[in-house]
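Residue-level structural notes
The residues making up each chain are set out below.
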Amino acid sequence: MPTGVRKHHTPEQKAQVVLELLKEEKTLSQLASEHGIHHSLLVRWKKQAVESLPKVFAPDNREHDLKASYEKKMEGLYQEIGRLSTQITWLKKKSGMS
């Protein structure tokens, strides 16, 4: 058997195996044997899944960050418009154009 050859599992495959593991209908050793995956890897996948669960139910922080960034940018642009309008008004008065 060649050494150093790693199997690559898709996220869907990992999720399916972890779901089976969480159901506790089969032992860790049984699942490892059925799927040809070392038991320590299954333990790691389960730990990652359980630690990531709160993120599933959390509001989308990326969307919130984008919205906050957009609002901050808009506020800065409105301030710039106000400053430029004031400068134009001042220049018109100084040049006698108003």
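Residues numbered from 1 in each chain as written. Predicted model: local features only at pLDDT ≥ 70, side-chain atom pairs only at ≥ 80, totals over all residues. Heavy atoms only, no water.

For the rest of this paragraph, the subject is the overall build of the protein. Looking only at helices and strands, one finds four helices and zero strands in the protein. C-alpha extents for the protein along the principal axes are approximately 90 × 35 × 15 Å. A separation threshold of at least 6 residues defines the contact pool for the protein, and within that pool the share at least 24 residues apart is 39%. Surface summary for the protein: the accessible area is close to 9000 Å², and the carbon and sulfur share equals 58%. Within the protein, the 12 negative side-chain charges are centred at a point lying 10 Å from the centre of the 17 positive side-chain charges. (Helix = DSSP H or I, 4+ residues; strand = E, 2+ residues; numbered from the N terminus. Contact = heavy atoms within 4.5 Å. Areas by Shrake-Rupley, 256 points an atom, 1.4 Å probe, with all protein chains shown as cover. Lys, Arg positive; Asp, Glu negative; His and termini not counted. Charge placed at Lys NZ, Arg CZ, Asp CG, Glu CD.)

So, about the confidence of the model for the protein. On average, residues of the protein carry a pLDDT of 88, and 94% of them reach 70 or more. Taken element by element, the protein is modelled with least confidence in helix α3 (residues 39-57), mean pLDDT 90, and with most confidence in helix α1 (residues 11-23), mean pLDDT 93. (pLDDT = per-residue confidence, 0-100.)

What follows deals with the pattern of salt bridges. For the coordinates displayed, the defined rule picks out two salt bridges. In this structure, Lys26 engages Glu34 in a salt bridge whose closest nitrogen and oxygen atoms are separated by 3.0 Å. Across the salt bridge formed by Arg83 and Glu80, the nearest N and O atoms sit 2.5 Å from each other. Here Arg83 pairs with Glu80, and both are found in helix α4 (residues 61-95), just three residues apart, close to one helical turn. (Salt bridge = Lys/Arg side-chain N within 4 Å of Asp/Glu carboxyl O.)

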